[in-house]
Structure formats: structure tokens, C-alpha cells
Amino acid sequence: VDISIIPKVGIEASMARTEAGTSGSSSSSAAGSSAEEDFYIQCDAPNCNEWHEGSTLSPPITPLTASTYETWHCPSCTPYHGPSKLKSVTSMRQGLRKKRRIDFVKLNDPAALLESESNNNGIGVAANDVQEIDFRAKLELRRKKGMFQNGMTAASSTGKGCCLKVVTSGGKNEFTTKYVNTHGFNQPVLFATQQPYQIGLKLPGNHFSFDTVAKLVGPYRKTQVIDTATQLTTEYTLQEWVDYLSTPEKERTRILNVITLEYSQTPLGKLVREPQFAREVDFVSQCWPKTTEDLRRIRDHNNKNSLDDDEDNDKSKTSKEEEEEDENLTELLKELQEEIPRVSKYCLMSAAGSYTDFHVDFGGTAVWYHVYFGQKIFYFIEPTTKNLKIYSEWATNGTSSSSGGGSKKSNANAFLPDLITAAGGDVFEVQLKKGQTLFIPSGWIHAVFTPKDSLVFGGNFVHRHSLEMQLTIFRLERKMRVGKEYKFPFYQKLMWFVAWDFLKQRDDLMMMMQLGDKGKNSVMGREQQVIQQICGKYPNHVLLGYKALAKELESWSRSKQKITTDQFPENMDVT
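Small disclaimer: the values here were computed from a predicted structure and weren't measured.

## Points about the confidence of the model for the protein chain
Thought 1: On average, residues of the protein chain score 78 in pLDDT, and 73% of them are at 70 or above.
Thought 2: Element-level mean pLDDT values for the protein chain span from 33 in helix 1 (residues 11-23) up to 97 in strand 11 (residues 346-350).
Thought 3: Across residues 89-128, where pLDDT falls below 50, the model places 43 contacts with residues more than four positions away in sequence or in other chains.
Thought 4: Contacts from residues 154-159, a stretch scored under 50 in pLDDT, to residues over four places away or in other chains number four contacts.

## Some points on unusual backbone geometry
Thought 1: The omega torsion across Ser58 and Pro59 is -5°, close enough to zero to call that bond cis.
Thought 2: Position of Pro59 relative to the elements: it lies in the loop between strand 2 (51-53) and helix 4 (63-66).
Thought 3: The phi dihedral of His207 falls on the positive side, at around 65°, and the residue is not glycine.
Thought 4: Along the chain, His207 falls in the loop between strand 7 (189-191) and helix 10 (210-217).
Thought 5: In this structure His207 comes out as exposed when scored by relative accessible area, which is 80%.
Thought 6: The backbone of Phe490 sits at a positive phi, close to 55°, despite the residue not being glycine.
Thought 7: By the element assignment, Phe490 lies in the loop between helix 18 (467-479) and helix 19 (491-517).

## Describing helix 18
Thought 1: If you check helix 18, its first and last C-alpha atoms are 18 Å apart, about what 13 residues at 1.5 Å a residue would give, namely 18 Å.
Thought 2: Listed in full, the buried residues belonging to helix 18 are Leu467, Gln470, Leu471, Ile473, Phe474, Leu476 and Glu477.

## Description of the packing of aromatic side chains
Thought 1: In the structure shown here, the tally under the stated rule is 29 aromatic pairs.
Thought 2: Ring centres of Trp288 and Phe497 lie 5.2 Å apart, and the angle between their planes is 70°; this geometry places the pair in the edge-to-face category. Of this pair, Trp288 sits in the loop between helix 13 (283-287) and helix 14 (292-307) while Phe497 sits in helix 19, and the two are 209 residues apart along the sequence. The same class applies to Trp288 as to Phe497, namely buried.
Thought 3: Measuring from centroid to centroid gives 6.1 Å for Tyr372 and Phe373, while their planes differ by 65°, and the two rings are edge-to-face.
Thought 4: When its relative accessible area of 22% is taken as the criterion, Phe373 is described as partly exposed.
Thought 5: Members of the aromatic cluster, joined through ring pairs, are Phe362, Phe474, Phe488, Tyr491, Trp496, Trp556 and Phe568.

## Points about the side chain of Gln436
Thought 1: Mapped onto the elements, Gln436 comes out in the loop between strand 16 (427-433) and strand 17 (437-440).
Thought 2: A polar atom in the side chain of Gln436 sits 2.9 Å from the backbone nitrogen of Lys433.

## Quick notes on the pairing of strand 17
Thought 1: Burial of the side chains of strand 17 extends over both faces: Thr437 and Phe439 are buried on one face and Leu438 and Ile440 on the other.
Thought 2: As judged from the three bridges shared by strand 7 and strand 17, these two strands associate in the antiparallel manner. Opposite Phe191, over in strand 17, you have Thr437 as the bridge partner.

## Structural notes on the pairing of strand 18 (residues 445-461)
Thought 1: Most of strand 18 sits out of view: 14 of its 17 residues are buried.
Thought 2: Sheet topology note: the strand 11/strand 18 ladder contains five bridges and is antiparallel. Note on strand 18: the bridge partner recorded for Met349 is Leu455.
Thought 3: As paired strands, strand 12 (residues 355-359) and strand 18 are joined by three bridges and run antiparallel to one another. Note on strand 18: the bridge partner recorded for Thr356 is Val448.
Thought 4: For strand 13 (residues 366-381) and strand 18, the ladder comprises 13 bridges, and the chain directions are antiparallel.

## Looking at the pattern of salt bridges
Thought 1: Across all of its chains, the model carries 17 salt bridges by this definition.
Thought 2: As a salt-bridge pair, Asp211 and Lys215 come within 3.2 Å of each other at their nearest N and O atoms. Here Asp211 pairs with Lys215, and both are found in helix 10, just four residues apart, close to one helical turn.
Thought 3: Glu393 is the partner of Lys389 in a salt bridge, and the nearest nitrogen-oxygen pair spans 2.8 Å. Placement of both Lys389 and Glu393 in helix 16 (residues 385-395) is noted, with a separation of four residues, approximately one turn of the helix.
Thought 4: On the basis of relative accessible area, Glu393 is assigned to the buried category, the value being 17%.

Calculation criteria
Residues numbered from 1 in each chain as written. Predicted model: local features only at pLDDT ≥ 70, side-chain atom pairs only at ≥ 80, totals over all residues. Heavy atoms only, no water. pLDDT = per-residue confidence, 0-100. Helix = DSSP H or I, 4+ residues; strand = E, 2+ residues; numbered from the N terminus. Contact = heavy atoms within 4.5 Å. Buried < 20%, exposed > 50% of the residue type's maximum accessible area, 1.4 Å probe, protein only. Expected span 1.5 Å × (residues − 1). Phe/Tyr/Trp six-rings, centres within 6.5 Å; stacked < 30°, edge-to-face > 60°. Polar contact = N/O pair within 3.5 Å; in protein donor to acceptor, adjacent residues only side chain to side chain. Pairing = 2+ DSSP bridges. Salt bridge = Lys/Arg side-chain N within 4 Å of Asp/Glu carboxyl O.

Here it is as C-alpha cells:
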């Protein structure tokens, strides 16, 4: 292709349009449609200079719309070099300093902030319902009253264990997949070691700062910011966020918090690797299809089941049919690669005094959480049936039974620890210091306070050791009508792939049995041996989890709700 004939944006394109305008050629309009279809535009970002077909961009760019840009940045460069710059309408001199998009007026007016949020999600909330809460004072008052139990204490004489199992820096890594197979993963685990490599965690080197995060993820990347006093959200670019954090603590008018910055597909993602345990058990990395061969095996399993009813299906496919099927699988794999849940790498940047109110991580996921610098204080509530009921009613501003009898009282403005302790439950307090790593099991209700500016690397993962609890939280989210944007992405589709992975292991064992006994045993005999091997391979709590999943999948397969049927894997027979 002769790129000299491809229209460019900027000065060259402007000159070409000027010359074309003075020529007065009548043939230009006749060729207009063809020119728009063949139009290409070059990215002006440094070190990029890639060409892009105008009609494939969103929105499409034509020669006419291209003329409105002074510089144009492609979608890949926009997070790092900012949005494309339009030409000035007037010759008015613009300031050299970029105008910051931080809306301090809005942040100092909770009602305006709420109004903005309501417009985005379509949920109307009265402005007078917005309250500013001093969570630091709330926590301190209850600490003085002795409401919080020390999560680091050893098991009591009555057999009631502590909130955390602590692994000290002097000991070896005891928290492994082998350990969890034996003991389960039902309590938070704290690694006090200052050497994260002991648990397989890879982190950036020294002198890593908030500013470095912005440079690696992209200074123009937008992220949600939580206002601590109101627990409402707004949006900043990372450069605006760094500007905020560089303001001295005493001069900050609001206390803000970033906890949802996912960075796996950025240069920062290459500098951080999850702890070994999280990588080994994560369903997304273990069960989500990665190749067309994975998809082909699912398809062949479906065909094998149908052969039992129709022997004619065993006919050999023509080369054309096989080619079409391969193309379909390739397209399906592309869709799945776009849908893959990316939740294993988050960067949390918190200003001193930040507070995240009590919550359960989406889908009942487990969490790994490393304090790169700063300090965190966790408040944990065990996910018992009673505690989860209190939590769900509190979170939905419903009503809860008073401890004295059957009367109901509103808990809309209550502090969750008050409700839990009044019902006889415990709230555990755990301090997490620089260099320490915490694992939070599925379903644990927790809040987090930040005493000083902190940078945290963490992530979420779904695994087989807590399937029952994860499914419990999934059902609880539905009951609470949690919005789609706050749920684990494609959770149900992932669970179908988890079930398929289990069946695949069973089929592999059956095939090995068949090859080993050379047909001596009956099919039923081999199935019995497979069951025995599976029972020997998986601990009881895992088998109970798969049993709960099978029951849940049976219910989903009968569902007619679009929210469920949309997550049926395209090439899988869910019946």
C-alpha cells in the first residue's frame, strides 16, 4: 500500500483540504462516498504512528471529521497520552497548564454528588438522605468500649479460635494448596513476613509511588473515587488522583479512596504476580477456556452424548464442515477472551483517614491483599447464617428483629458492629502493616480503615475450597438486588466451565481405567473405581461444594430468565 495516498490528520491534511477547496473540482462529491470508505488516519501519539481505518473506529472518522482534530490519538494510546485534541475555534490564547477536572465544589456538596450519581444509575434518592459520617470517631468510640475482639489472639480454652491464623516471618510458608486441602480455608490468614517471594508474590521494586502507578496504567485512565464521609463515588483521571494525593494531608478538603483500579492489561500488570496459592486454585485461570482445543473438547463431549441416541451422527465430517467448525470455534474463543473475568489484580490507593464500609466481596470471592506501603485496619465478621442475615438486612436498609423479641426496628442508619454484637456475634480487629499480606476467605464481612496514605496490591479469586459459601453469596446478591456493575463478571458462565472441568477430569480417569484394565471390568465397575479415586483426590469440603454447584446448575438450566440464559456457554449443552 502506498501510504502517500492515505489522508493524514494535522498540518498535511489541512493543506491538502485547502488545495482541494480552491480547485473547485465537481468530481470530488461524486467520489465522496468512496473516499470515506477508504479513509485512514494516523495516530499522532509519540512512538505509535499506527494507521487506522476510519470506518472501523468508534465513532467512525471521515475526512470531514478528521479535519476538526489538531492531534488524534488512537484508542490504545488515549489512556497514556490523553484524548485527541480538537482545533481551537478562536485564536484566544489558552493557558499552558491543563485544567484539572477535579470538581471540588461537587465533592464539598454531597447532595450534588448524589444527584450526579442518581442521574447515572437511574436510582432516585432524596438529597436529605445523604449524611456525612465520621467513621474514625465511630470506630474509636467502640474500640474504647471493648466492642472489637483482637483478631490476632490465640484460640481460647473453650475451643473458639481466633479470627486469623498468623504465619510469622521466621517460619516457612505453611499456607499452601496441600494445607488447604487438609484444613480448608475458612479463616483469614495473615503473613507477617517482609519477604513476599516466600508466598510466590512478585511486586515492583523500591521507590514505587502513586505517580509511578499513574504512569504505568495511564495518567488519563479514569477510575472511581469514593468519598469517605458519604461513601458516594465520583470519577478522576489517575493524574488528577495523583495531584490530590500530593496535597498535604491537612490541606485536603475531603478524604478520598480508590479501591477498584484493575491493571492486569497494563505495563503495571507485568510487574505484579499474584501469590502462588491464589494462582494455583483460581477458577478463572484453571477453568476458563484458553484455546480452541478446549472448546473443541467441550463440543466433542456434547456430540458423544448425542451419539448414544443417534448412531447416524457418527458420520465423518467433510473438510469444509471441519473448516467451518474451526472458524466458529476461533470466533467463539475471541468472544470468551473479551469476556474473561479480570479481577485478580487491583491497585488500591487510599488517603489517610479513608474508610470502606462493611461489605462482602462480589460473588463470595476470596481476596489476597498486600500492603506495599502504609497501614490498614480490618474489621472482620464471620459469615455465619445469622450474621449474613443481619448484614443483608442492614445493607438493603431493611429491618431487623430486635434482640429482645419479635418487634421490628429500622437499621437504616445503624452501624453494623452494633447490630452484630447486640445479636451475640463478634467483630474482630486486625492491623495490617507495610510488607504484610492478608488472605480473606469467601463470604467474610469486613470493613477497612486507613490510618495513613497507603498503596495496596490485591485481587479476587474464586476457588473450589469454598464453593458452598460462594454460591450462598451469589444467591444473597440476587436477593439484595445488587447491580450488575457490582457483581463478579460472567459468574454463572464461569461456574458452567468449572463443572465442565470436573467432568473432564472424570472422563480422563475413565479413559485411563479403560486402557489399564483392557476391557476386563464393566463400565459400571470402572465408574465405581473413578468415584473412589475422585473421593480420594478431593477432600470432603470440596466434594460438598461440587455437589452444591451441581444442584445450582440444575436450577439454572431450567431457568427462562434472560439474566441466566445469557450466560449459558454457547457450545455447551447445559441440559
